[in-house]
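If you want the building blocks of each chain, they are given just below.
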Amino acid sequence: MFLDACDIDDGATLECDVCVIGAGAAGLTIAHELAGSALSVIVISGGGRRRRGRDQALYRGTVRDPSQHSWADRFRERRYGGTTAIWGGRCVPYDAIDFEARPYVPHSGWPFGRDTLEPYYARAAVYCEIGAPLFDAATALPDRPASLLPGLASEAVTGTTIERFSRPTDFGRLLERRLAAAPAVRVLLDAHCIGLAGAANGAAIDHAPCATFRPSRFSVRARTYVVAAGGLETARLLMAARQASAQPLAIASPWLGRGYMGHLNGTVGAIRFAVPPERINGGYEVSPDGVYCRRRLWVTAAAQRQHGLLNTMFRLHHPPIADPTHRDPVLSAMYLVKDLVLYEYSRKLRAARSLGHLLGHLRNVATRPLVLARFGIDFVDRRWLRPRRLPSVARFSPTGRYSIEFHAEQSPDPASRLELGDAVDCFGMPELVIDWRVHARDVDSVARAYALLQRELAAAGLGVLELDRDGMDAAIRADGAVGGHHLGAVRLADAPERGVVDRHGRLFGIANGYVASAAVLPTSSQANPTFTVVALAIRLADHLRQRAHATRLSARPVRLETRPRREPVPA
Ligand SMILES: Cc1cc2nc3c(=O)[nH]c(=O)nc-3n(C[C@H](O)[C@H](O)[C@H](O)COP(=O)(O)OP(=O)(O)OC[C@H]3O[C@@H](n4cnc5c(N)ncnc54)[C@H](O)[C@@H]3O)c2cc1C
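An account of the accompanying structure is given in this report. Keep in mind that this is a model prediction, so the values were computed, not measured. (Residues numbered from 1 in each chain as written. Predicted model: local features only at pLDDT ≥ 70, side-chain atom pairs only at ≥ 80, totals over all residues. Heavy atoms only, no water.)

**Observations regarding helix H3 (residues 114–128)**
Consideration 1: Of all the bends in H3, the greatest measures close to 35 degrees and is centred on tyrosine 120.
Consideration 2: Check the buried side of H3 and you find it contacts helix H1 (25–35), strand S5 (90–91), helix H5 (171–181) and helix H14 (530–551).
Consideration 3: Positive backbone phi, at 55 degrees, marks glutamate 129, one or two positions downstream of H3. (Bend = angle between axes of the 7 residues up to and from the residue. Helix = DSSP H or I, 4+ residues; strand = E, 2+ residues; numbered from the N terminus. Contact = heavy atoms within 4.5 Å.)

**Observations regarding the sheet that holds strand S13 (residues 263–273)**
Consideration 1: Ordered in space as S6-S16-S17-S18-S13-S21, the 6 strands form an open sheet in which the pairing is antiparallel. Looking at strand neighbours, the two that pair on one side only are strand S6 (157–158) and strand S21 (463–466), the edges of this open sheet.
Consideration 2: Here S6 runs beside strand S16 (residues 297–299); their pairing, made up of 2 bridges, is antiparallel. Pairing of threonine 158 across the sheet is with tryptophan 298, part of S16. (Pairing = 2+ DSSP bridges.)

**Concerning the site of the ligand**
Consideration 1: Of all residues adjacent to the ligand, which total 36 residues, the nearest are Arg79, Thr83, Gly88, Arg90 and Thr530.
Consideration 2: A distance of 2.8 Å separates an oxygen atom of the ligand from a polar atom in the backbone of arginine 90.
Consideration 3: Contacts to the ligand include proline 529, whose backbone N or O atom sits 3.4 Å from an oxygen atom.
Consideration 4: In isolation the ligand has 1,000 Å² of accessible area, and contact with the protein removes 97% of it.
Consideration 5: Residue assignment for the shell around the ligand shows that the elements contributing at least two residues are H1 and strand S9 (192–193). (Near = heavy atom within 4 Å. Polar contact = N/O pair within 3.5 Å; in protein donor to acceptor, adjacent residues only side chain to side chain. Areas by Shrake-Rupley, 256 points an atom, 1.4 Å probe, with all protein chains shown as cover.)

**Observations regarding the nonpolar core**
Consideration 1: In terms of nonpolar packing, the biggest core is built from 150 residues, with Ile44, Leu196 and Tyr450 touching the most fellow members.
Consideration 2: With residues near it in sequence (within four places) discarded, isoleucine 44 still touches Cys19, Val20, Ile21, Gly22, Ala23, Leu188, Ala191, His192, Cys193, Ala208, Cys210 and Val220.
Consideration 3: Counting 13 residues, the second-largest nonpolar core is a separate cluster that includes Tyr292, Phe375, Phe379 and Val393. (Core = buried A, V, L, I, M, F, W, Y, C linked by side-chain atoms within 4.5 Å. Buried < 20%, exposed > 50% of the residue type's maximum accessible area, 1.4 Å probe, protein only.)

**Re the environment of threonine 551**
Consideration 1: Within the secondary structure, threonine 551 is located in helix H14.
Consideration 2: With a relative accessible area of 64%, threonine 551 lands in the exposed category.

**A look at unusual backbone geometry**
Consideration 1: Across the junction of arginine 167 and proline 168, the peptide omega takes the value 5 degrees, indicating a cis bond.
Consideration 2: By the element assignment, proline 168 lies in the loop between strand S7 (162–165) and H5.
Consideration 3: At the junction of arginine 214 and proline 215, the peptide bond is cis and its omega measures out at 5 degrees in the coordinates.
Consideration 4: Residue glutamate 129 is not a glycine yet carries a positive backbone phi of 55 degrees.
Consideration 5: Owing to a relative accessible area of 9%, glutamate 129 belongs among the buried residues under this scheme.
Consideration 6: Even without a glycine there, the phi angle at glutamine 247 is positive, about 50 degrees.
Consideration 7: Position of glutamine 247 relative to the elements: it lies in the loop between helix H6 (233–243) and S13.

**Notes on the packing of helix H8 (residues 329–336) against helix H11 (residues 369–384)**
Consideration 1: As a packed pair, H8 and H11 sit with axes 9 Å apart at the nearest point and diverge in direction by 70 degrees. When the axes of H8 and H11 are compared, the pair comes out roughly perpendicular. In contact with Pro329, Val330 and Ala333 of H8, H11 contributes Val371, Leu372 and Phe375.
Consideration 2: Here the contact of H8 with H11 is composed, by residue class, of 6 nonpolar, no polar and no charged. (Axes fitted to C-alpha atoms, helices over the stretch in contact; angles between N-to-C directions. Parallel < 35°, antiparallel > 145°, perpendicular 65-115°, else oblique. Nonpolar A, V, L, I, M, F, W, Y, C, P; charged D, E, K, R; others polar.)

**Comments concerning the pairing of strand S8 (residues 185–189)**
Consideration 1: With respect to burial, S8 is a largely interior element, 4 of its 5 residues being buried.
Consideration 2: As paired elements, strand S1 (residues 2–4) and S8 share 3 bridges and run parallel to each other. Its bridge partner being in S8, aspartate 4 is matched across the sheet by leucine 189.
Consideration 3: Where strand S3 (residues 41–44) meets S8, 4 bridges bridge the pair, whose relative direction is parallel. What sits directly across from valine 43, in S8, is valine 187.

Note that every value here comes from positions in space, so none of it alone points to a role or purpose.
Structural data, given as structure tokens:
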């Protein structure tokens with residue numbers, strides 16, 4: 001059932017078995033998984049169904065280096081459904097190597113391996129609506145060539161792994177009907193959690209104080225709490241609870257707020273393939289179950305170990321868009337409207353403007369208007385008129401020339417951190433200070449991964465990758481952190497000296513406090529986080545159900561109704 005928190009009496013206390021703080025991918029997945037059980041659940045949604053400025057303002061904070069990290073209130077949504085209202089939907093599982101303790105990656109190693117998550121990935125695929133959880137082209141795209149590049153038989157770089165794309169699913173919309181019908185679930189819209197009050201000398205959470213813009217205050221008291229407020233806000237809530245003057249929480253780890261990571265991402269270098277352009281499979285393809293997929297070039301686990309590299313992958317990207325010599329009217333049109341595009345997607349289009357560039361782009365558009373018109377009609381159709389959205393523009397290059405985009409792991413570094421500042425929001429919560437840092441080893445690893453790719457392509461006679469060696473460091477750092485990937489500040493580990501939550505997501509030192517968020521990811525992988533966040537959330541829900549079952553209640557697992565698997569997506 002859905003309730004407007006403004007209708008709750010000022011000063012009231014609501015009671016339940018499980019209190020979930022946050023209504024994004026993680027929080028709503030847990031609430032839905034528990035919906036069929038005997039556990040009563042309250043979800044504190046931190047906003048309503050629409051984005052509103054006053055809610056979003058609660059996400060404000062200070063960023064130490066705004067040239068490297070986006071503003072604190074951007075790339076996350078304070079509302080029911082959370083950031084899945086605007087996410088891109090790219091789903092990739094973590095690789096087995098991401099879970100290993102690697103000698104060349106300080107603070108790496110999970111308390112469990114990829115095999116532990118495997119069954120949860122299968123269930124996460126249903127929530128993310130990505131069809132069968134197959135991430136290898138041979139099985140996912142059986143009637144198509146196996147590799148991005150024909151003839152690439154390298155042991156160091158493979159072109160056979162794929163990304164699968166969600167619709168992209170808005171978790172709020174996906175689960176609303178089911179949660180509304182669940183008698184034991186209450187979703188409190190427009191309720192903001194403003195702390196976690198400790199009990200038993202801070203070794204347990206007593207209640208979650210909440211505020212509304214009515215204005216009013218009330219509390220939620222539960223047996224168990226799950227903080228699922230997103231990668232930044234989860235850390236903020238926990239840090240505020242630990243330093244509260246009254247009833248502080250005794251979170252027993254020096255890592256809280258530390259080890260904050262994103263991904264390194266950007267476009268560096270250009271490649272001219274030596275194979276016929278039409279044999280290169282770098283664009284979007286549709287799987288037999290109707291899901292957009294895309295291949296990439298991945299540095300294999302063996303090569304990562306051999307060369308001491310962080311997990312890295314490459315995608316084919318348009319020729320440099322800002323340079324009109326590509327003569328593509330579509331790319332020129334994209335360049336001309338780039339200021340209208342969300343920063344996350346426009347940042348690779350940025351470049352110094354000159355009148356000459358501008359005239360070149362206008363000429364490209366004016367000389368081939370039919371190409372542009374045909375593209376426009378097709379793009380509008382695939383992007384906005386179909387149940388599944390074409391994820392992005394991926395132009396085929398008739399010359400076989402592409403830029404190379406990288407998406408790379410950032411290593412955990414305690415110096416990269418989130419802190420609480422002196423400023424407070426309108427409910428009195430201390431604002432966040434984001435001090436995101438990139439270690440030199442991370443930049444060096446990307447540069448060496450590019451050099452490896454260059455060698456492998458040359459050795460196989462497949463193409464020439466042009467790199468400006470002197471400008472590599474600056475080019476790798478140019479775009480800064482990927483907006484929306486907020487990882488690691490509440491890291492998962494086997495002991496409080498190494499992390500903040502245990503293998504199930506329970507806060508070390510707190511008997512009844514759990515975390516479900518990208519904040520628990522102790523390493524960042526090359527993979528986007530949400531698929532793994534959802535898998536971990538399902539795993540946590542199972543754990544909570546089993547605990548409840550062991551103690552007093554019967555708790556059945558639920559099944560998510562899936563929509564028809566085959567959908568009309570144009571090939
Ligand atoms: C532009 C963009 C594109 C992206 N594309 C991808 C992609 O392609 N693939 C991918 O894997 N990831 C992508 N992401 C990241 C993805 O959106 C997040 O990983 C995902 O939404 C995280 O889920 P979450 O539930 O942890 O947090 P969120 O979805 O952010 O949800 C947090 C919830 O907590 C609530 N909340 C916060 N504070 C409080 C409080 N104090 N009290 C009560 N409630 C609170 C919020 O209102 C919200 O409901 C993208 C992000 C952006 C911005």
